Amino acid sequence: YTRLIKSNLKRDHVKKSIMTIPYNVSSYQLLKYIKENYVRIDQTEWFTFIDDNNTSKLHYSDFTLISNGLREVLYYKFPKLNLLLNYLENIARVCTVLQIPIVWSLPSGLLVKQAYLEEEEVRIKPFFYDKSRYVLKIKNRDNKYNNNKQIRAFMPNLVHSLDAASLALLLDTYFNDNLKNIYTVHDCFAVTIKNISSLMYILKLTYIKIYSDETYLKRLDKGIIENI
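Criteria and thresholds
- Residues numbered from 1 in each chain as written.
- Predicted model: local features only at pLDDT ≥ 70, side-chain atom pairs only at ≥ 80, totals over all residues.
- Heavy atoms only, no water.
- Phe/Tyr/Trp six-rings, centres within 6.5 Å; stacked < 30°, edge-to-face > 60°.
- Buried < 20%, exposed > 50% of the residue type's maximum accessible area, 1.4 Å probe, protein only.
- Pairing = 2+ DSSP bridges.
- Helix = DSSP H or I, 4+ residues; strand = E, 2+ residues; numbered from the N terminus.
- Axes fitted to C-alpha atoms, helices over the stretch in contact; angles between N-to-C directions.
- Salt bridge = Lys/Arg side-chain N within 4 Å of Asp/Glu carboxyl O.
- Parallel < 35°, antiparallel > 145°, perpendicular 65-115°, else oblique.
- Left-handed = near helix turned anticlockwise from the far one by under 90°.
- Contact = heavy atoms within 4.5 Å.
- Patch = residues over 30% accessible without salt bridge, like charges linked within 9 Å, V, L, I, M, F, W, Y side chains within 5 Å.
- Areas by Shrake-Rupley, 256 points an atom, 1.4 Å probe, with all protein chains shown as cover.
- Lys, Arg positive; Asp, Glu negative; His and termini not counted.
- Charge placed at Lys NZ, Arg CZ, Asp CG, Glu CD.

Chemist: Can you walk me through the packing of aromatic side chains in this structure?
Modeler: Describing an aromatic ring pair means giving the distance of the ring centres and the angle of the ring planes. Here the structure, examined in full by the defined rule, presents 8 aromatic pairs. Summarising the aromatic geometry, the rings of Phe-128 and Tyr-129 are spaced 5.5 Å apart at their centres and angled 85° between planes, so their arrangement reads as edge-to-face. Residue Phe-128 is classed as exposed on the basis of its relative accessible area of 78%. Joined through ring pairs, the aromatic side chains of Tyr-38, Phe-47, Tyr-60 and Phe-63 make up one cluster.

This is the structure:
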C-alpha cells in the first residue's frame, strides 16, 4: 500500500485503461495498457516509469492490483455502469443462443446489424510451378455465428456507432447553419477560428440531444426484443 501511494501514478498512465473498460476490454489487455508506461529494471520483477531514473518502482504483481482496482473503483463510483455492461452482455448472450444478429437503431436513424459468422480456413496452392500455399478465411457454410466475437464486440461496436451518430448529427446541424470548413477525426474536430464558438455550441446540443434522452436505452431494448 505504501509503495503504491508513493509510486507517483499519473492520470495519463491509467486514462487509456479506464476508457477501454466500457469497451469490454479484457483483463490481460487492461494490464498491458498500464504496463505501456513502464520499463523493467535490470531483468528483475521490478519496473519503473519510462524516463524516471528508477525514482519510483512497482513490482510485477502491482500491475494486476492496479488493473483490478480500476475496475473496482469505476464500478463503485458508477454502479449504473456495471448494470449497463451486464445488461448489454446479456443481450448479446441471448442473441447468440438464438443464433440471430444483434440489431439496434441509432439516434441518427441508422439501423445497425452485427453478425459475425464463424470462419473456416482453406489452404490452397494456386500455382503448379510454386510450392507456396495460402490460407484463406471463408464464412462458415452453415451461417453459424461466432458466439465469442458476437458477445465481445457488441459493447465497443455500440459505443463506436453512437460516436458515429453524434458526428452525423453534428455535421447535419453544422452545414444546415450555413457553416463551412470542418475537419473531423473520430470525436476530434477542427474548424476555422471564426466558427469555433458555433462548433462548441452545436456539439453541446448534439450530446445533450442524444445522452439526455433517458428513453434511448428503453428504445434500444424494445428494438432488440422486437428483433428477437
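Still more to cover.
Chemist: Help me out: how do you make sense of the sheet that holds strand 3 (residues 57-59) in this one?
Modeler: Strand pairs in the sheet, formed through backbone hydrogen bonds, run parallel or antiparallel to each other. Overall, antiparallel pairing links the 3 strands, which are arranged 1-2-3 in an open sheet. Sheet topology places strand 1 (38-40) and strand 3 at the edges, where each strand pairs with a single neighbour. Along the sheet, successive strands turn relative to each other by an average axial angle of 35°, direction set aside. With 3 bridges connecting them, strand 2 (residues 46-49) and strand 3 associate as antiparallel partners. Residue pairing in the sheet places Thr-48 in a bridge with Lys-57 of strand 3.

Chemist: In this structure, what is going on with the pattern of salt bridges? I would like to understand it.
Modeler: Taken as a whole and judged by the stated rule, the model has 3 salt bridges. Close ionic contact of Lys-16 with Glu-36 constitutes a salt bridge, the shortest N to O distance being 3.7 Å. On the criterion of sequence distance, the pair formed by Lys-16 in helix 2 (residues 11-20) and Glu-36 in the loop between helix 3 (27-35) and strand 1 is long-range, its members being 20 residues apart. Residue Glu-36 is classed as partly exposed on the basis of its relative accessible area, which comes to 43%. Two residues, Arg-93 and Glu-89, come together in a salt bridge whose shortest N-O distance is 2.9 Å. Taken together, the residues span about one helical turn, with Arg-93 and Glu-89 both in helix 5 (residues 79-98) at a distance of 4 residues. The class for Glu-89 is partly exposed, based on a relative accessible area of 26%.

Chemist: Just checking my understanding: could you explain the packing of helix 2 against helix 3 for this structure?
Modeler: Each pair of packed helices gets described by two things: the angle between the helix axes and the distance between those axes. Contact geometry for helix 2 and helix 3: axes closest at 8 Å, N-to-C directions at 160°. When the axis of helix 2 is compared with that of helix 3, the two are roughly antiparallel. Read as a crossing pair, helix 2 and helix 3 show a hand that is right-handed. Of the residues in helix 3, those in contact with His-13, Lys-16, Ser-17 and Thr-20 of helix 2 are Leu-30, Tyr-33 and Ile-34.

Chemist: Whenever I open this one, a nonpolar patch on the surface confuses me. Can you help?
Modeler: A surface patch of nonpolar side chains, amounting to about 800 Å² of accessible area, comprises Val-122, Ile-124, Phe-127, Phe-128, Tyr-129, Tyr-134, Leu-136 and Ile-138. Broken down by secondary-structure element, the contributors of at least two residues to the nonpolar patch are strand 6 (119-124) and strand 7 (134-139). For the nonpolar patch, the leading source of residues is strand 7, giving 3 residues. Along the chain, Phe-127 turns up in the loop between strand 6 and strand 7. Here Phe-127 falls in the partly exposed class, since its relative accessible area comes to 36%.

Chemist: Would you mind showing me how to read a positive patch on the surface here?
Modeler: A cluster of basic residues, Arg-123, Lys-125, Lys-131 and Arg-133, forms a positive patch at the surface. With respect to the helices and strands, the residue Lys-125 is situated in the loop between strand 6 and strand 7.

Chemist: Hey, could you run me through the side chain of Asn-195 in this one?
Modeler: By secondary structure assignment, the location of Asn-195 is in the loop between strand 9 (188-191) and helix 7 (196-211). Among the residues examined, Asn-195 registers a relative accessible area of 7% and is labelled buried. Every residue in contact with Asn-195, bar those within four places of it in the chain, is listed here: Tyr-174, Leu-179 and Lys-180.

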